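Structural description and commentary
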Amino acid sequence: QVQLVESGGGLVQTGGSLRLSCAASGRTLTNYRVGWFRQPPGKERESVATINWSYDSTTYADSVKGRFTISRDYAKNMVYLQLNSLKPEDTGVYYCAVKQIGASTYNYWGQGTQVTVSS
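In what follows, the accompanying structure is described. None of the values given here were measured: they were computed from a predicted structure. (Residues numbered from 1 in each chain as written. Predicted model: local features only at pLDDT ≥ 70, side-chain atom pairs only at ≥ 80, totals over all residues. Heavy atoms only, no water.)

Some points on the overall build of the chain
Our working definition: Every helix listed is a DSSP run of H or I at least four residues long, and every strand listed is a run of E at least two residues long, numbered separately from the N terminus. Between the two quantities, the radius of gyration covers C-alpha atoms and the globule rule is 2.2 Å times the number of residues to the power 0.38.
Of the regular secondary structure elements, the chain holds zero helices and eleven strands. Listing the helices and strands of the chain from first to last along the sequence gives β-β-β-β-β-β-β-β-β-β-β. Relative to the compact-globule value of 14 Å for 119 residues, the chain shows a C-alpha radius of gyration of 13 Å, a close match. Considered along the principal axes of its C-alpha atoms, the chain spans approximately 40 × 25 × 25 Å.

So, the state of the cysteines
How we decide: Pairs of cysteine sulfur atoms within 2.5 Å are what we label disulfides. A 1.4 Å probe rolled over the protein chains alone gives each residue an accessible area, and that area as a share of the maximum for its type sets the label: buried under 20%, exposed over 50%, partly exposed in between.
For the structure shown, the criterion picks out one disulfide. Covalent S-S linkage joins C22 and C96, the inter-sulfur distance amounting to 2.1 Å. As the torsion about the S-S bond is roughly -75°, the C22-C96 disulfide counts as left-handed. A residue pair is termed long-range when its members are at least 10 positions apart, and C22 in strand 3 (residues 18-25) and C96 in strand 9 (residues 92-100) qualify at 74 residues. The pair C22 / C96 is uniform in exposure class, with both members buried.

Quick notes on the pattern of salt bridges
Put simply, the test is: For this document, the term salt bridge refers to a Lys or Arg side-chain nitrogen within 4 Å of an Asp or Glu carboxyl oxygen.
What the rule picks out here adds up to four salt bridges. Overlapping salt bridges, with partners in common, bring together R38, E46, R67 and D90 in one network.

Regarding the pairing of strand 4 (residues 32-39)
Counted only if it meets this: Pairing between strands requires that DSSP locate at least two bridges from one strand to the other.
By the criterion of burial, strand 4 is predominantly enclosed, with seven of the eight residues buried. Pairing between strand 4 and strand 9: eight bridges, direction antiparallel. Residue pairing across strands places R38 opposite Y94, the latter belonging to strand 9. Bridge analysis of strand 4 against strand 5 (residues 46-52) gives six bridges, and the strand direction is antiparallel. Among the inter-strand pairings, V34 is bridged to a residue of strand 5, identified as I51. What sits between the antiparallel neighbours strand 4 and strand 5 is a turn of six residues, in which G42 has the positive phi angle 75°.

Topic: unusual backbone geometry
Of note in the backbone geometry, N31 takes a positive phi value of approximately 70° without being a glycine. Positive phi, close to 55°, is recorded for N77, a residue that is not glycine. Examined against the element boundaries, N77 turns out to sit in the loop between strand 7 (68-73) and strand 8 (78-83). What makes N77 buried here is its relative accessible area of 16%.

With respect to the sheet that holds strand 3
Heads up, the condition is: The convention used is that axes are lines fitted to C-alpha atoms, helices contributing only their stretch in contact, and that angles between N-to-C directions extend from 0 to 180 degrees.
Here four strands make up an open sheet; going across it, the order is 1-3-8-7 and the pairing antiparallel. The outermost strands of the open sheet, each flanked by one partner alone, are strand 1 (3-7) and strand 7. Geometrically, the sheet is characterised by an average inter-axis angle of 15° between neighbouring strands, direction not taken into account. Where strand 1 lies against strand 3, five bridges are found, and the strand directions are antiparallel. Bridge assignment links V5 to a residue of strand 3, and that residue is A23.

So this is what it looks like as structure tokens:
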């Protein structure tokens, strides 16, 4: 079992920044991939960024490349998502999730944190 708790969301103006945090507990994340997802109002959930916990390889959605950065802290068992140059279309509930490397679906999810970008 893995427990995930997100924090750091809030209300920010266009062009602003936020840093989201995901605290993982229950087990180490070796051989896991951690992902940040978001669900805009009235839309489906989408992948934003992912990171391989062991090898630090990352992926990003085209819509956030160059603006968002995913990172992890081994010692603290934390994953972060730095959000820069925010746009109104970045508004949504942001979720942290994990899956074992090679698995097709993410099977552990946090409760989400709200990000609202005002124009």
